[in-house]
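Residues per chain are reported as follows:
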Amino acid sequence: MSSTAVLGCAWGDEAKAKIVDVLAKDADYVVRFQGGNNAGHTIKLKDKKFVFHLVPSGILYPGKTCLIGSGVVIDPFQLLAEMDGLKAQGISFENRFFIDPRAQIVLPLHCELDGKAEADSKQTNIGTTKRGIGPCYSDAIARYGIRFGDLFDKKYLTERLENIIRYHNYPISDVSIVLEKLEQVTEQLRPFLKQIPYLLNEADDKNILFEGAQGTLLDVTFGTYPFVTSSHTSSGGIAIGTGFGKKVDRIVGILKSYYTRVGKGPFPTELHDEIGNRIRIQGNEFGSTTGRPRRCGWFDAVAAKYTSMINGIDEIAFTLLDVLSGFDTLKICTAYKIGDIITNEFPHSAKDLEQAIPQYIELPGWNDDITGITEYNKLPINAQKYIAKIEEIISKNVTIVSVGPERGQTIFR
Ligand code: GDP
Ligand code: IMO
Ligand code: MG
């Protein structure tokens, strides 16, 4: 058995799906362990573009088994819609797609609550995807949640729905409405029920690939709280989000060559100028789930070192390097000035991070189009120097470089 994890090491959208797609050819199982359809994972294959929200990206490879672990929150209606879209493109789910019974269900009331919280000017506005993620995880922790396995026991499901609906002060008559809605999807989902912990831990002859969603700076504990998502996006989330009881052999941290963020919250290296706009346009930085323009900024090595530590990463996949072609100089943030103090520790408080003034080093850029390069030493020397500087600061090696969205636009070192 071997196990590999692909984890976003920033605020999401680091091109995790592209790297999962590249590594999935050697995997038997591709597993999501947290998050829900707030994720938007894009894979480009020739003239086709696939955007995954809940289905693991490995489904594109025929014969790979894709799993949704206990830590994921599932909107069953959105899941079926996503599956229908993929089936229409010839992708089969039969006997190769399974969901753990412990995964929590996102109910319509969760989406409604998410939307209301975002619209309420008295609450901290996070800029969520409004997919019901926060309210669903809250109910799970409060022990009011409905789990995937509950869908298949009508009597128990009714009791659980009464419980959660009372808890949220919704009219009790809503129970039959929700029940009826859920019953429309239950039979379609029944074939996918499987105890994932047994499947993974007994997979002696299988290669497992864990597909992270979001990024470490959005982790509910280690991210820029409260401007985070509600799940454990870091490597620790793998154990609790799947029941995999072994050490993951290889943790690949995904860092993009500049930083982006969607939604609210501190972002020290954010560029509000023409350079930020240029990165947004060259990198096509618009959200895969909500279409929102992504905030863009310089590479933040303070944050990268922190997320690399939190995840215990073994190596880095460095993505979207091609987007930086054509800049005279590139900046890397190596420390923050907060008040009178210069630090290279990532603050635990979003309030402190909000005050952080990035301290930059500046490196020369390159002009060449690098999208066709397949060997590391063929990259422009300044691109190699840019990567070497980041490796030096983070003390980790870049082993994969992505120079375009296609599978082939990947350099292995
Ligand atoms: P994820 O959520 O981490 O999987 O990332 P997204 O799919 O939300 O965003 C990454 C975007 O960058 C997608 O549109 C990818 O097709 C695209 N992409 C991936 N790798 C590269 C790359 O190396 N260069 C460029 N230009 N685009 C890339
Ligand atoms: P992938 O997997 C980027 C952000 C939202 C918001 C915060 C909380 O594609 O990298 P939520 O709906 O989760 O309660 O929103 O988290 N967010 C993401 N940003 N990529 C994602 O996923 C994200 N999923 C959530 O914009 O700031
Ligand atoms: Mg994304």
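Residues numbered from 1 in each chain as written. Chains lettered and ligands numbered in written order. Predicted model: local features only at pLDDT ≥ 70, side-chain atom pairs only at ≥ 80, totals over all residues. Heavy atoms only, no water.

Engineer: Would you explain helix 1 (residues 16–23) in this entry?
Structural biologist: Each α-helix turn comprises 3.6 residues. Residues three or four places apart therefore point the same way. Counting buried positions over the eight residues of helix 1 gives eight, a clear majority of the element. Three or more residues of helix 1 are buried, namely Lys-16, Ala-17, Lys-18, Ile-19, Val-20, Asp-21, Val-22 and Leu-23. (Buried < 20%, exposed > 50% of the residue type's maximum accessible area, 1.4 Å probe, protein only. Helix = DSSP H or I, 4+ residues; strand = E, 2+ residues; numbered from the N terminus.)

Engineer: Would you mind going over the coordination of the magnesium ion (ligand 3) with me for this structure?
Structural biologist: Perfect tetrahedral coordination of a metal by four donors corresponds to 109.5 degrees between them, and perfect octahedral coordination by six donors corresponds to 90 or 180 degrees. Only Asp-13 (OD) and Gly-40 (O) from the protein reach the magnesium ion (ligand 3) as donors, at distances of 2.0 to 2.2 Å. Here Asp-13 is found in the loop between strand 1 (2–8) and helix 1, whereas its partner Gly-40 is found in the loop between strand 2 (29–32) and strand 3 (41–45), with 27 residues between them in sequence. Taking relative accessible area as the criterion, Gly-40 reaches 10% and is therefore assigned buried. (Donors = N, O, S within 2.8 Å, 3.2 Å for Na, K, Ca; no water.)

Engineer: I keep staring at the nonpolar core and nothing clicks. Help me out?
Structural biologist: Most often, soluble globular proteins have nonpolar side chains that are buried together. Ranked by internal contacts, the top residues of the largest apolar core, which has 68 residues, are Phe-210, Tyr-259, Phe-299, Phe-318, Leu-321, Leu-379 and Tyr-386. Top element by residues in this core is helix 12 (residues 381–394). It accounts for six residues. Both domains that furnish three or more residues to this core are identified here as domain 1 (2–101 + 193–251) and domain 3 (255–412). Non-local contacts of Leu-321, meaning those with residues more than four positions away in its chain, are made with Ser-257, Trp-366, Ile-370, Leu-379, Ala-383, Tyr-386, Ile-387, Val-401 and Ser-402. With 53 residues, the next largest nonpolar core counts Leu-23, Phe-148, Val-178 and Leu-182 among its residues. (Core = buried A, V, L, I, M, F, W, Y, C linked by side-chain atoms within 4.5 Å. Domains from an automatic or database assignment. Contact = heavy atoms within 4.5 Å.)

Engineer: What exactly am I supposed to notice about the site of ligand 2 here?
Structural biologist: In the region of ligand 2, 20 residues are neighbours, and Lys-16, His-41, Thr-129, Gln-214 and Thr-229 sit closest. Note that an oxygen atom of ligand 2 is positioned 2.8 Å from one of the backbone N or O atoms of Gln-214. Starting from 550 Å² of accessible surface for ligand 2 in isolation, the protein chains cover 97%. A per-class count over the shell around ligand 2 returns seven nonpolar, 10 polar and three charged. (Near = heavy atom within 4 Å. Polar contact = N/O pair within 3.5 Å; in protein donor to acceptor, adjacent residues only side chain to side chain. Areas by Shrake-Rupley, 256 points an atom, 1.4 Å probe, with all protein chains shown as cover. Nonpolar A, V, L, I, M, F, W, Y, C, P; charged D, E, K, R; others polar.)

Engineer: Sorry if this is basic, but what is going on with the domain arrangement of the chain here?
Structural biologist: Here the domain parsing of the chain yields domain 1 (2–101 + 193–251), domain 2 (104–190) and domain 3 (255–412). Taking the mean C-alpha position of each, domain 1 and domain 3 sit 23 Å from one another. For the domain 1 and domain 3 pair, buried surface summed over both sides reaches about 3,100 Å², with 57% attributable to carbon and sulfur atoms. Counting across the domain 1 and domain 3 interface gives four salt bridges. One salt bridge in this structure joins Arg-294 and Asp-13, with 3.0 Å as the shortest N-O distance. Between the two partners, domain 1 and domain 3, sit 23 residue pairs in polar contact (both at pLDDT 80 or more). (Buried area = accessible area lost by both parts, 1.4 Å probe. Salt bridge = Lys/Arg side-chain N within 4 Å of Asp/Glu carboxyl O.)

Engineer: For this particular structure, what's the right way to read the site of ligand 1?
Structural biologist: By nearness alone, 18 residues border ligand 1, and Lys-16, Thr-42, Ser-288, Asp-322 and Ser-402 come closest of all. Relative to its unbound accessible area of 580 Å², ligand 1 is 92% covered by the protein chains. At the level of elements, helix 1 and strand 3 are the ones that each hand at least two residues to the shell around ligand 1. With three residues, the single largest contributor to the shell around ligand 1 is helix 1. In terms of residue class, the shell around ligand 1 is built from six nonpolar, six polar and six charged. Two domains each provide a minimum of three residues to the shell around ligand 1, namely domain 1 (2–101 + 193–251) and domain 3 (255–412).

Engineer: When you look at the environment of Ala-304 in this model, what are you seeing that I'm missing?
Structural biologist: In this structure, Ala-304 sits in helix 10 (residues 301–311). A residue is classified by how much of its surface remains accessible, and Ala-304, at 0% relative accessible area, is buried. Counting along the chain gives 29 residues from Ala-304 to Cys-333, while the straight-line C-alpha distance between them is 9.9 Å. What Ala-304 contacts, discounting residues up to four positions off in sequence, is Leu-255, Tyr-259, Phe-299 and Ile-394.

Engineer: Just checking my understanding: could you explain the pattern of salt bridges for this structure?
Structural biologist: If the charged atoms of two oppositely charged side chains come close together, the side chains can form a pair. Enumeration according to the criterion identifies 17 salt bridges in this entry. A salt bridge links Arg-407 to Asp-21, with the shortest nitrogen-to-oxygen separation between them at 2.6 Å. Taken together, the positions of Arg-407 in the loop between strand 18 (398–402) and strand 19 (410–412) and Asp-21 in helix 1 put the pair 386 residues apart, joining distant regions of the chain. We note a salt bridge from Glu-285 to Arg-294, for which the minimum N-O separation is 2.6 Å. Residues Glu-285 and Arg-294 agree in their burial class; the two are buried.

Engineer: Explain the packing of aromatic side chains here, please?
Structural biologist: Each aromatic ring pair is specified by the distance between its two centres and by the angle formed by the two planes. Considering all chains together, one arrives at 15 aromatic pairs under this definition. For the ring pair Phe-93 and Phe-97, a centre distance of 5.3 Å and an interplane angle of 80 degrees mean the geometry is edge-to-face. Both residues of the pair, Phe-93 and Phe-97, belong to the buried class. Taking 5.2 Å as the distance between ring centres and 85 degrees as the angle between the ring planes, the aromatic pair formed by Phe-148 and Phe-152 counts as edge-to-face. Of the residues examined, Phe-148 reaches a relative accessible area of 1% and is grouped as buried. Judged by its relative accessible area of 17%, Phe-152 is buried. A connected cluster of aromatic rings, assembled from ring pairs, spans Trp-11, Tyr-259, Phe-267, Phe-299, Phe-318, Trp-366 and Tyr-386. If you follow Arg-278 out to its NZ or CZ, it ends over the ring of Phe-327, 4.1 Å from the centre. (Phe/Tyr/Trp six-rings, centres within 6.5 Å; stacked < 30°, edge-to-face > 60°. Lys NZ or Arg CZ within 6 Å of the ring centre and 35° of its normal.)

Engineer: Honestly, the packing of helix 5 (residues 154–167) against helix 6 (residues 174–189) in this entry has me stumped. Any pointers?
Structural biologist: The description of two packed helices rests on the angle between their axes and on the distance between the axes. Packing of helix 5 against helix 6 brings their axes to within 10 Å, and their N-to-C directions diverge by 135 degrees. When the axes of helix 5 and helix 6 are compared, the pair comes out oblique. Crossing hand, helix 5 versus helix 6: right-handed. Counted together, Lys-154, Leu-157, Thr-158, Leu-161, Glu-162 and Ile-165 of helix 5 and Asp-174, Val-175, Val-178, Leu-179, Leu-182 and Glu-183 of helix 6 form the full contact between these two elements. In terms of residue class, the contact of helix 5 with helix 6 is made up of seven nonpolar, one polar and four charged. (Axes fitted to C-alpha atoms, helices over the stretch in contact; angles between N-to-C directions. Parallel < 35°, antiparallel > 145°, perpendicular 65-115°, else oblique. Left-handed = near helix turned anticlockwise from the far one by under 90°.)

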